[in-house]
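# Close look at the chain arrangement
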Amino acid sequence: MLALVVFFYGLGGLCLTDRDEGEYATIVQTMISTGDYVTPQLNFKPYYEKPILYFWLSTLAFKNFGANEFAIRFWSALSGVLVVMAVYVFGRAAGPAGLGFTSALTLLASLLFSLIGRSALLDMTLTLFISLALFFFYYGWQSFAAGGKKAQGRYFTLFFAFMGLAFLTKGPVGVVIPLLVVVPFLLLNRSLMPVIRRMPLLIGFSAFLLLAAPWYLLAMLKNGSAFIDGFFVSQNIRRFTEVLLGHGGGYFYYLPVLILGFFPFFGFAVPTAVRAVKAIPWQPRQVTRDNQAAIFCLIWVAAGLIILSIAQTKQFNYILPIFPPLAILAGLWWQDYLDGQSKSLWERRVGVAFVLVPVAILAIAFAALPRFLVSEQFTQLMAKANTAKPDSFEYAFGPGDLSFGWVPYLLLLVLPAGGAGFFHFFQRGQRKHSFIAIIAMSMVFQALVFLQLFPTAAAYMQQPAKELALAIKSGARPEAVVATYGLYKPSLFFYVDRPILHIKVPEKDKLKQFLASRSEAYLLSREVFLKELQQDNNFHLLKLAGGYILGYNKRTNMRR
C-alpha cells in the first residue's frame, strides 16, 4: 500500500519532461493513430533508439486512461510497485525472518528509485525484468543446491523468459547484466557446469526467443539495415564505446549517484558487502544462507556497476538495476541489527556517516537555494542556457522569478531534524526507533520533493510550453503547419499532436520560406529570438509564455 502511494499519488500532475518523456509519449500517441505497432515513430519519423515493449504496454494505458501524463508513466510506476514486491518475496525466501519487509522498505525509501518510478523512463521496467530473472535464477540454484529436481527447471525457464522481456524492453543490457551475475556466481560456487547440465536449455532458449525475437525480426524485415544500424550499432555499440549527446562521465560517475540516489541507506549496504567478500565460498558448503544471498547480491551490484562504468555514455537512471540488490544488502544489515546482533564500531560509523553527510549537504543546498534563485548569477545562468545550444537544448527560461516559497525552508527543517532523530536513537541503541526515524525522514523528504518542489519547477520550465502547444492543438485548422525555431522540445510533438518542422538557428532561408508559406503556419521558439523574428514581416507574435513564444503568419483566425 505504501508503494502504491509513493508511485501513484499525483503521478499525472506534472507536465511531461524533455526529452525522454516527451519522446515516449509521442511514440505511443503516433503508434495508436497510425496503427503501426512494429516501427516506433517520433514526429512521424522512424525511431530506432529503444525496443518496443514499453511502448506496447503504454498503448494499453493510453486506451484505458487517455493520452495524458498519467498514462505514459503508468507502467513505470506499476513496475516500481512490482519491484518492491519482488524484493519482499526474495528477502523472505533468501534470508532471515523480516528481511523481505526491511529490504522492500529500504528500497522504497531510496530517493532515486522512487524518482525514476514516477517518470516515464524504461529503466524501472528493465529493472523489474532483470530482478525477476535473477531472483528466479537464484531460486533455481537454491533448489539445485538442495537436491530438488522439479522446481529448478521451472525457475530456470522463468530466468530465460524474463531475460527475454528485459531484452525486449531495453536491448542487450537486459541480457548482459544477468549473465555477468550468474556466471561468476556459479564459478565461485564451483557449480557452473553442473547447473548448466541441469538447466532446461532448449525450453529456456525457446522461451527467450518466443518473447524477444518476433519483434526484432519484424523490425529488421520492415526497416532493413536502417534498424540494425540505428538500434544495434548506434544505440548500443556506440553508446558503449562513445559519448552520445554529451552524456559522458568518468569511471567514478556513478559513485555520487549511488550515495545520493540510494540515500539514506548506501552506508548500510557497504558493511554487508564487505562481509560478503570475506564470505566468498572457498568452501561452498560451509557458507550460510544469509551469506550466500549477500554474495549473490554483491556480484549483482559489482557486475552492473562495472559494466555501466566502463560504458562511455552515462546517465544517472542507467544505474537503477543494481538498486534491488543494494536494498537487500542494506536490509541484511538492518535486519541483523533489529534482531539484536551487535555491530562493529566501523560499521556503525560508516552507516551514520552516509546518512548525516548527505543530510548536511542537502540542508546547505536548500538553505542557499532561495537566495541563489534571486541572484544575478542565476539570471546569467538562465540567459546562457537559452543561447548556448538552442537547437538541442529542450528548455527556455523567461525573465520571471523562480520561487519555491516555503518548501526549501521546510526541507531545511525536515532533513536535519530527521538526521538528528536518527542519530539520537541510534547512539542510544534504540534500534527500532532509529530505523523508523530514518524511514520517516526519507518519506517526508520524498513527499516534499515530488509533490511541492517538482511541480513548482515544472510550472516554470514546462507549463508555458504546454499551454502554447495546446493553444495550437485546439485553435489551428487541420491543414495548418507548425515549426520550432532554435528549440528542440519533444513534448511539443505530443501536446500539439501533429508533425512539427524543426528549423535550426543557422537555417535562415528555411525559416523565411516557412513564414512566407501560403498555409496557416505557427512557429514556436524562444523569447531570446523574438527581436530577430519580428524583423520578418510575415511573423506576428500571438502569445508569449515564460521563455517561449508562439508566432504565426497572420493566415489564422486563432484568438489571442
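Structure shown above.
Keep in mind the model is a prediction, meaning the values are calculated, not measured.

Conventions used here
- Residues numbered from 1 in each chain as written.
- Predicted model: local features only at pLDDT ≥ 70, side-chain atom pairs only at ≥ 80, totals over all residues.
- Heavy atoms only, no water.
- Helix = DSSP H or I, 4+ residues; strand = E, 2+ residues; numbered from the N terminus.
- Rg over C-alpha atoms; globule rule 2.2 N^0.38 Å.
- Buried < 20%, exposed > 50% of the residue type's maximum accessible area, 1.4 Å probe, protein only.
- Contact = heavy atoms within 4.5 Å.
- Areas by Shrake-Rupley, 256 points an atom, 1.4 Å probe, with all protein chains shown as cover.
- Core = buried A, V, L, I, M, F, W, Y, C linked by side-chain atoms within 4.5 Å.
- Axes fitted to C-alpha atoms, helices over the stretch in contact; angles between N-to-C directions.
- Parallel < 35°, antiparallel > 145°, perpendicular 65-115°, else oblique.
- Left-handed = near helix turned anticlockwise from the far one by under 90°.
- Nonpolar A, V, L, I, M, F, W, Y, C, P; charged D, E, K, R; others polar.
- Salt bridge = Lys/Arg side-chain N within 4 Å of Asp/Glu carboxyl O.
- Phe/Tyr/Trp six-rings, centres within 6.5 Å; stacked < 30°, edge-to-face > 60°.
- Expected span 1.5 Å × (residues − 1).
- Pairing = 2+ DSSP bridges.

### Focus on the overall build of the protein chain
Scanning the protein chain from N- to C-terminus turns up 24 helices and seven strands. Here the protein chain has a C-alpha radius of gyration of 26 Å; the compact-globule value for 560 residues is 24 Å, and the two agree. Seen through its C-alpha atoms, the protein chain measures out along the principal axes to roughly 85 × 60 × 40 Å. Buried positions account for 56% of the 560 residues belonging to the protein chain. If you take every contact in the protein chain between residues at least 6 apart in sequence, the share linking residues at least 24 apart comes to 75%. A total of about 24000 Å² of accessible surface is found on the protein chain, and carbon and sulfur atoms cover 65% of it.

### Some words on the nonpolar core
Grouped together as the largest cluster of nonpolar side chains are 180 residues, with contacts concentrated most on Phe7, Phe137, Phe265, Phe268 and Phe323. A total of 15 residues in this core trace back to one element, the largest contributor, which is helix α7 (residues 123-145). With residues up to four places along the chain from it excluded, the contact list for Phe7 reads Ala77, Gly80, Val81, Val84, Leu108, Phe113, Ser114, Gly117, Arg118 and Met124. With 14 residues, the next largest nonpolar core counts Ala483, Phe514, Leu515 and Phe529 among its residues.

### Focus: the packing of α7 against helix α9 (residues 173-188)
In contact at an axis separation of 10 Å, α7 and α9 are set at 25° when each is read in the N-to-C sense. On the basis of the axis angle, α7 is roughly parallel to α9. Handedness of the α7/α9 crossing: right-handed. Taking contact as the criterion, the partners of Leu126, Ile130, Leu134, Phe137, Tyr138 and Trp141 in α7 are, on α9, Val173, Gly174, Ile177, Pro178, Val181, Val182, Phe185 and Leu186. Split into classes, the residues belonging to the contact of α7 with α9 amount to 13 nonpolar, one polar and no charged.

### Structural notes on helix α5 (residues 99-109)
Along α5, ten of the eleven residues are buried, which leaves the element largely enclosed by surrounding structure. Those residues of α5 not exposed but buried are Leu99, Gly100, Thr102, Ser103, Ala104, Leu105, Thr106, Leu107, Leu108 and Ala109. Here the buried face of α5 lies against α1 (2-8), α4 (69-94), α6 (111-117), α16 (323-338) and α20 (431-461).

### Looking at the pattern of salt bridges
Using the criterion set out here, one finds 13 salt bridges in the structure. A salt bridge links Glu21 to Arg73, with the shortest nitrogen-to-oxygen separation between them at 2.8 Å. Here Arg73 lies in helix α4 and Glu21 lies in helix α2 (residues 20-34), a separation of 52 residues in the sequence. Both residues of the pair, Glu21 and Arg73, belong to the buried class. For the salt bridge of Asp336 with Lys343, the shortest nitrogen-to-oxygen distance reads 3.8 Å.

### Looking at the packing of aromatic side chains
Using the criterion set out here, one finds 69 aromatic pairs in the structure. Between Phe137 and Phe159 the ring centres are 5.6 Å apart and the planes differ by 55°, which places this aromatic pair in the tilted class. You can see Phe137 sitting in helix α7 and its partner Phe159 sitting in helix α8 (residues 150-170), a full 22 residues away along the chain. Under the relative-accessibility criterion, Phe137 is labelled buried at 0%.

### Quick word on the environment of Met461
Following the sequence through the fold, Met461 ends up in helix α20. We classify Met461 as partly exposed; its relative accessible area is 24%. For the pair Met461 and Gly546, spaced 85 residues apart in the sequence, the C-alpha separation amounts to 7.7 Å. Beyond its immediate sequence surroundings of up to four residues, Met461 is in contact with Tyr395, Phe397, Lys489 and Tyr548.

### Quick look at α7
Along its 23 residues, α7 runs 32 Å from first to last C-alpha, staying within 8% of the 33 Å computed at 1.5 Å per residue. Of all 23 residues making up α7, 21 are buried, and the element is well covered by its neighbours. Backbone geometry just after α7 places Gly147 at a positive phi near 90°.

### A look at the environment of Phe90
Locating Phe90 in the fold gives a position in helix α4. For Phe90, a relative accessible area of 0% gives the class buried. Separated by 41 residues in the primary sequence, Phe90 and Ser131 place their C-alpha atoms 9.8 Å from one another. Among residues more than four places away in sequence, those in contact with Phe90 are Phe135, Tyr138, Tyr139, Phe296, Cys297 and Ile328.

### Points about the sheet that holds strand β7 (residues 548-552)
A sheet is described by the order of its strands in space; here five strands give the open sequence β4-β3-β5-β7-β6, paired in mixed fashion. One side of each edge strand has no neighbouring strand; the edge strands of this open sheet are β4 (500-503) and β6 (540-545). Here the average twist between neighbouring strands, direction ignored, is 25°. Note that strand β3 (residues 481-485) and β4 share four bridges and pair parallel. Looking across to β4, one finds that Thr484 is bridged to His502. The sheet strands contacting helix α21 (residues 463-475) are β3, β5 (521-526), β6 and β7, and the helix crosses β7 at an angle near 20°.

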